[in-house]
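Structural overview for review
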Amino acid sequence: MTTIGFIGLGNMGGPMARNLIKAGHSLKVFDVAPAPVAALVKEGAKAAKSATDAATGVEAVVTMLPAGPQVHDVYLGAGKIIATAPKGTLLIDCTTADVATIRAVNAAAAEAGHDMIDGPVSGGVGGAAAGTLTIMVGGTERAFVRAKPILEGMGRNVIHAGGPGNGQAAKLCNNMMLAIEIIGVCEGFLLAEKLGLDAQKLYDIASTATSQCWALNSYCPVPGPVPASPANNNYKAGFTAAMMLKDLKLSQEAARDADVATPLGAAATALYGLFAQSGGAPADFSGIIRMLRGEGKVGDLF
Ligand code: NAD
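Residues numbered from 1 in each chain as written. Predicted model: local features only at pLDDT ≥ 70, side-chain atom pairs only at ≥ 80, totals over all residues. Heavy atoms only, no water.

The number of helices and strands found in the protein chain is 14 helices and 9 strands. Rg of the C-alpha trace for the protein chain: 20 Å, near the compact-globule value of 19 Å for 302 residues, within the 12% margin. Once the C-alpha set of the protein chain is aligned to its principal axes, its extents read approximately 65 × 45 × 35 Å. Counting over 302 residues, the protein chain shows a buried share of 51%. Contacts spanning at least 24 positions in sequence make up 61% of the contacts within the protein chain whose residues lie at least 6 apart. When the accessible surface of the protein chain is summed, it comes to about 13,200 Å², and 59% of that surface belongs to carbon and sulfur atoms. Side-chain charges in the protein chain split into 23 positive and 24 negative, and the spacing between the mean points of these groups amounts to 6 Å. (Helix = DSSP H or I, 4+ residues; strand = E, 2+ residues; numbered from the N terminus. Rg over C-alpha atoms; globule rule 2.2 N^0.38 Å. Buried < 20%, exposed > 50% of the residue type's maximum accessible area, 1.4 Å probe, protein only. Contact = heavy atoms within 4.5 Å. Areas by Shrake-Rupley, 256 points an atom, 1.4 Å probe, with all protein chains shown as cover. Lys, Arg positive; Asp, Glu negative; His and termini not counted. Charge placed at Lys NZ, Arg CZ, Asp CG, Glu CD.)

Set out below in structure tokens:
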């Protein structure tokens with residue numbers, strides 16, 4: 001079993017760290033917010049005083065931060081992990097971030113003699129708690145082989161997507177497809193409402209017909225058909241619309257850089273931008289159905 005420094009104990013990082021403890025690893029944890037650190041300490045983790053401290057005296061470091069700027073800060077800025085961790089430390093970043101930042105941080109890690117992978121995840125807070133995440137890995141074969149046993153403590157499908165940054169590339173493509181899907185599913189249910197077709201009936205038919213997809217079958221954006229979906233809890237996140245907008249913007253930056261036309265990705269980005277700006281940012285991303293339904297001032301709805 002491995003001694004692991006875990007940094008970023010939010011909606012995803014908290015349960016992922018908990019699963020690593022359950023898998024028998026020894027954890028030293030840090031977050032800029034004290035409450036999640038205290039919660040993990042109660043479950044057997046040691047508290048670290050800083051990101052640098054969390055990466056000291058451990059064999060591996062896992063980070064689960066909001067986005068690229070925090071990853072850069074923790075590894076190369078104030079956190080100084082790349083400069084201060086002993087040579088050969090295994091660095092695992094599970095944040096969803098931009099490919100360019102991740103490739104730059106990975107190159108600095110390699111230069112300093114560390115093995116680093118990017119391992120963004122899919123599966124939401126439910127998957128993080130259940131340890132059933134899909135983890136998309138970018139990095140060298142050697143880093144992947146070293147990281148796999150740790151990743152298997154947090155996820156069920158651990159897939160090596162290629163060299164540094166390829167995990168992020170997979171994640172951005174996945175989330176762009178998800179955003180397009182959920183908007184499509186919302187439109188279907190809104191049309192059904194107006195046509196007098198019961199939501200449960202549409203679900204029973206569509207979830208076994210050609211429009212079936214995760215956004216419909218597992219995350220249905222109307223209350224009822226999927227009891228665990230955020231629609232049944234006033235769209236409490238879950239995966240916030242703000243995070244979805246972040247990922248969509250990253251997908252559009254990547255599409256621009258690669259000179260690829262993604263017109264539906266662009267439309268989804270515009271719709272999530274509008275939703276976030278009108279007060280939907282902290283709601284679950286499936287809450288966009290309330291804006292599409294024209295329910296009134298979005299900021300008052302959640
Ligand atoms: P979150 O905001 O709940 O958690 C981020 C944590 O990082 C917070 O606890 C914050 O205090 C901490 N933090 C921020 N800056 C820090 C720093 N410099 N040092 C230490 N700690 C710091 O976010 P989340 O929902 O857990 O998401 C984390 C990442 O996972 C994001 O990149 C997100 O896009 C991705 N993701 C989220 C979901 C989801 O359903 N929530 C699903 C898949 C992927």
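Moving on to the site of the ligand. Neighbouring the ligand are 25 residues, the closest being Asn-11, Met-12, Asp-31, Pro-66 and Lys-246. Contact distances for the ligand include 3.4 Å between a nitrogen atom and a backbone N or O atom of Val-32. One of the side-chain N or O atoms of Lys-246 is found 3.0 Å from an oxygen atom in the ligand. Look at the ligand: alone it shows 830 Å² of surface, and the protein chains cover 86% of it. (Near = heavy atom within 4 Å. Polar contact = N/O pair within 3.5 Å; in protein donor to acceptor, adjacent residues only side chain to side chain.)

In a regular helix each residue adds 1.5 Å, so 17 residues correspond to 24 Å; helix H12 (residues 241-257) covers 24 Å between its end C-alpha atoms and thus fits that length. Those residues of H12 that fall on the buried side of the exposure criterion are Ala-241, Met-244, Leu-245, Lys-246, Asp-247, Leu-248, Leu-250, Ser-251, Gln-252 and Ala-255. In this structure, the buried side of H12 is in contact with helix H9 (166-195) and helix H13 (263-280). Remark: Asp-259 follows H12 within two positions and exhibits a positive phi of approximately 55°. (Expected span 1.5 Å × (residues − 1).)

Moving on, we get to the domain arrangement of the protein chain. The domain boundaries assigned to the protein chain delineate domain 1 (3-163) and domain 2 (169-301). For domain 1 versus domain 2, the separation of C-alpha centres amounts to 28 Å. Counting from both sides, the interface comprises 11 residues of domain 1 and, opposite them, 11 residues of domain 2. Taken together, the two surfaces of domain 1 and domain 2 that pack against each other cover about 880 Å², and 68% of this comes from carbon and sulfur. A per-residue breakdown of the area domain 1 buries against domain 2 is headed by Thr-96, Val-99 and Met-136, which together make up 41% of the total. Seen at the junction of domain 1 and domain 2, the total is 3 residue pairs in polar contact (both at pLDDT 80 or more). In the side of domain 1 that touches domain 2, the residues fall into 8 nonpolar, 2 polar and 1 charged. (Domains from an automatic or database assignment. Buried area = accessible area lost by both parts, 1.4 Å probe. Nonpolar A, V, L, I, M, F, W, Y, C, P; charged D, E, K, R; others polar.)

By size, the foremost hydrophobic cluster in this structure holds 36 residues, and its most contacted members are Ile-182, Phe-189, Tyr-272 and Phe-275. Residue assignment for this core shows that the elements contributing at least two residues are H9, helix H10 (199-206), helix H11 (214-217), H12, H13 and helix H14 (288-292). The biggest single contributor to this core is H9, with 10 residues. Beyond its immediate chain neighbours, meaning those up to four positions away, Ile-182 contacts Ala-215, Tyr-219, Pro-221, Tyr-272, Phe-285 and Ser-286. Core analysis: the second largest hydrophobic core is formed by 32 residues, Ile-21, Ala-60, Ala-143 and Val-158 among them. (Core = buried A, V, L, I, M, F, W, Y, C linked by side-chain atoms within 4.5 Å.)

Relative orientation of the contacting elements helix H6 (residues 99-111) and H9 amounts to 165°, with a least axis distance of 9 Å. Classified by the angle between their axes, H6 and H9 sit roughly antiparallel to one another. Handedness of the H6/H9 crossing: right-handed. Within the contact between the two elements, H6 uses Val-99, Ile-102 and Arg-103 and H9 uses Asn-166, Gln-168, Ala-169 and Leu-172. Here the contact of H6 with H9 is composed, by residue class, of 4 nonpolar, 2 polar and 1 charged. (Axes fitted to C-alpha atoms, helices over the stretch in contact; angles between N-to-C directions. Parallel < 35°, antiparallel > 145°, perpendicular 65-115°, else oblique. Left-handed = near helix turned anticlockwise from the far one by under 90°.)

The next point concerns the side chain of Asp-284. Locating Asp-284 in the fold gives a position in the loop between H13 and H14. Although buried, Asp-284 forms no salt bridge, and the nearest oppositely charged side chain, Lys-236, lies 9.7 Å from it. Of note is the side chain of Asp-284, whose polar atom sits 2.6 Å from the side chain of Ser-286. If sequence neighbours within four positions are ignored, Asp-284 has contacts with Tyr-219, Pro-230, Tyr-235, Lys-236, Ala-237, Gly-238, Phe-239, Thr-240, Ala-241 and Phe-275. (Salt bridge = Lys/Arg side-chain N within 4 Å of Asp/Glu carboxyl O.)

Bringing the packing of aromatic side chains into the picture now. Counting across every chain of the model gives 6 aromatic pairs. Arranged with centres 5.7 Å apart and planes meeting at 75°, the rings of Phe-239 and Phe-285 form a pair that is edge-to-face. Of the two residues, Phe-239 is situated in the loop between H11 and H12 and Phe-285 in the loop between H13 and H14; the sequence distance between them amounts to 46 residues. Taking 6.5 Å as the distance between ring centres and 80° as the angle between the ring planes, the aromatic pair formed by Tyr-272 and Phe-275 counts as edge-to-face. Placement of the pair is Tyr-272 and Phe-275 together in helix H13, with a separation of 3 residues, close to one helical turn. Take Phe-275: its relative accessible area is 0%, and that puts it in the buried class. (Phe/Tyr/Trp six-rings, centres within 6.5 Å; stacked < 30°, edge-to-face > 60°.)

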